[in-house]
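For reference, the chains in residue letters:
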Amino acid sequence: MTLPVTVAELVREFRASARIVVVGASLAGLRAAETLREEGFTGSLTIIGDEPYEPYDRPPLSKQVLKGWVPADHTKLPRMREVNADWRLGVAAVGLDRATKQVLLANGEQVPYDRLLIATGTRARQWPNPDEAALDGVHTIRSRDDAEQLQKELAEPPSRVLVIGAGFIGSEVASVCRELDIPVTVVERGSAPLVGALGGVIGEIAAQMQRDHGVDLRCGLGVSSLEGDSGGHVRRAQLSDGSTVDADVVVASLGSIRNVEWLEGSGLAAGFWGVGCDAGGRAFDINGVVTDSVFVAGDVARAPHVLYEYQFLAMEHWDNAVLGAEAAAHNMVNLEPHYRPHLLLPGFWSGQFGVNIKSVGVPPFGDEILFTQGSVEERHFAAAYGRRGRIVAAVTFDHGKWLEYYGKLIEQSGPFPPPPPGWDQPPDMKPVPAEFPDPRVPTAIPDVVLTGHAPSARTAEFRPRHH
């Protein structure tokens, strides 16, 4: 028997009899499971999730669900194909023993695997004072249950909502409040909304957009404490400048935390920034050596990107979860000559205050910005970000049809300023500083994170947060 025939037989045997475990009943986890079956894997497949629900869609939670258009329990993700899996829902993974190849569950069970996919994603950062966070009316929004409870309170309606943090989620919640004619105050430690994701130039536009829609926007401030009444319901917030805001609903939009604590002691390159992996989803160990049996996908994955100087990127985007999971799943049941890279050009979208904001690339990687099309005054424009004479990202406000054009320029490492698209050019086309905040200063943390070159590096965080 020749070596190629032996290898092919090993692959067939693995696909027929191996045990694959997916930790994370998420978008990435589901799409990975579907891809495994599509690739011909007929062995044992187990999907573990800490929530009691099958995978559901998260972007509508801060939009359609809060508005009351869609019930929270109507967000279940559609199945692209039958996965025939053993679902372990409502029980969290609490440990990983790579020596014995077992996932340890909170109920004491041990689930063996031959190959493992980590797709545990992120969770909302809670208000830091536990007693204040426990007050009725204090919310975060990440899960289905979060959105359902907040929607009920917005429907009553409250006298005023306080949103802490003006990233994408916080800004979307504020937008929903104004659509529902609910008074809302937004407190942001940065100089303007969305500065971590899109920089100060775009942030000022977003700030004016919020104020034009009646948002009481207060930037450069923090919330010192929350106060409740005798019944344990939040009623007031003390701000860092000594002023107070009366509110009976508070939404803490403080960014996200990657769910990696259960990997402590596993020997994987897992930490605050996520789980380090190569472009094919194979996890690194703490020494930077790639593993053969552990893969990563979705928000928790952190991989080098060729277009961004091979810096490690963590992306909290829908496409990243889907395409990264598909690539990782393919590689789990194939051998090295047939591995696929996951080299997604990042992109996100957000709907707020009647404007559809879309972006492609990694805006915080740039240091200059240029308005290339449309009108800032009408909030109908495109802008490009540049670094060292190269276009690295673009953002549009109600001008998304041009994203494909800018995306191709970014993929080709096109010049900055970019070639004019042909029409709709503003009169002043001069690059200006993009005004991103110092990443060492806490602000509303932005969904793409550039985390340095080495798997253990902890240099700078630029996360555009969401979608």
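Residues numbered from 1 in each chain as written. Predicted model: local features only at pLDDT ≥ 70, side-chain atom pairs only at ≥ 80, totals over all residues. Heavy atoms only, no water.

For clarity, the threshold we go by: UniProt positions are given in the numbering used here, feature names are shortened, and annotations may be inferred rather than shown by experiment.
An unreviewed UniProt entry lists the protein chain under the name FAD/NAD(P)-binding oxidoreductase, with Streptomyces sp. 900105245 as the source organism. Check the Cofactor (unreviewed entry) section of the UniProt entry for the protein chain; it says "FAD".

**Digging into the sheet that holds strand β4 (residues 93-97)**
Which entries qualify depends on this criterion: A pair of strands is treated as paired once DSSP finds two or more bridges between them. In DSSP terms, a helix is any run of H or I states spanning at least four residues, a strand is any run of E spanning at least two, and both are numbered starting from the N terminus. Lines are fitted to the C-alpha atoms to define the axes, a helix being fitted only along its stretch in contact, and any angle between axes, read from their N-to-C directions, falls within 0 to 180 degrees.
Pairing within the open sheet is antiparallel, and its 3 strands lie in the order β4-β5-β6. In this open sheet, the two strands that pair with only one neighbour each are β4 and β6 (110-112). The sheet shows a mean angle of 25° between the axes of neighbouring strands, direction not considered. Relative to β6, strand β5 (residues 102-105) is paired through 3 bridges, and the arrangement is antiparallel. Bridge pairing links Q102 to P112 in β6.

**Side note on the side chain of T372**
Heads up, the condition is: Polar contacts here mean pairs of N or O atoms no more than 3.5 Å apart (in protein, one a potential hydrogen donor and the other a potential acceptor; neighbouring residues in sequence count only if both atoms are side-chain atoms). The contact criterion used throughout is that any non-hydrogen atoms of two residues lie within 4.5 Å.
Positionally, T372 belongs in strand β26 (residues 368-375). Here Y406 takes part through its side chain, which lies 2.6 Å from a polar atom of the side chain of T372. Once residues within four sequence positions are removed from consideration, T372 is found in contact with A382, A383, A384, Y406, P418, P421, D424, Q425, P426 and M429.

**Brief notes about the pairing of strand β2 (residues 44-49)**
Short version of the rule: Burial status follows relative accessibility: with a 1.4 Å probe on protein chains alone, a residue under 20% of its type maximum counts as buried, one over 50% as exposed, and anything between as partly exposed.
Taking burial as the measure, the 6 residues of β2 include 5 buried ones, the bulk of the element. Where strand β1 (residues 19-23) and β2 come together, 5 bridges link them in parallel fashion. When the sheet's bridge partners are listed, V23 is paired in β2 with I48. Here β2 runs beside strand β3 (residues 86-89); their pairing, made up of 4 bridges, is parallel. When the bridges of β3 are listed, G49 appears paired with L89.

**As for the UniProt feature "domain: FAD/NAD(P)-binding" (unreviewed entry) in the protein chain**
Per the UniProt record, the feature "domain: FAD/NAD(P)-binding" (unreviewed entry) sits at residues 19-322. Along residues 19-322 one finds 22% helix and 31% strand; the C-alpha atoms at either end are 22 Å apart.

**Thoughts on the UniProt feature "domain: Reductase C-terminal" (unreviewed entry) in the protein chain**
Here, the residues flagged by UniProt with the feature "domain: Reductase C-terminal" (unreviewed entry) are residues 348-416. Within residues 348-416, the helical portion is 13% and the strand portion 52%, while the C-alpha atoms at the span's ends are 21 Å from each other.

**Quick notes on the packing of aromatic side chains**
The condition is simple: The rule is short: rings of Phe, Tyr and Trp, with Trp giving its six-membered ring, pair when the centres are within 6.5 Å, and they are stacked under 30 degrees, edge-to-face over 60, tilted in between. Charges are assigned to positions over rings by a cutoff of 6 Å between ring centre and Lys NZ or Arg CZ, combined with an angular limit of 35 degrees from the ring normal.
What the rule picks out here adds up to 11 aromatic pairs. Ring centres of F168 and F348 lie 4.7 Å apart, and the angle between their planes is 65°; on these two criteria the pair is classed as edge-to-face. Taken together, the residues span a long stretch of sequence, with F168 in helix α6 (residues 168-179) and F348 in strand β24 (residues 347-352) at a distance of 180 residues. Aromatic pair W402 and Y405: ring centres 5.8 Å apart, planes at 90°, arrangement edge-to-face. When its relative accessible area of 12% is taken as the criterion, W402 is described as buried. On the accessibility criterion, Y405 (25% relative accessible area) is partly exposed. Put simply, the rings of F371, F381 and F397 pair up and form one aromatic cluster. Over the face of the ring belonging to W349 we find K63, whose NZ or CZ atom lies 4.5 Å from the ring centre.

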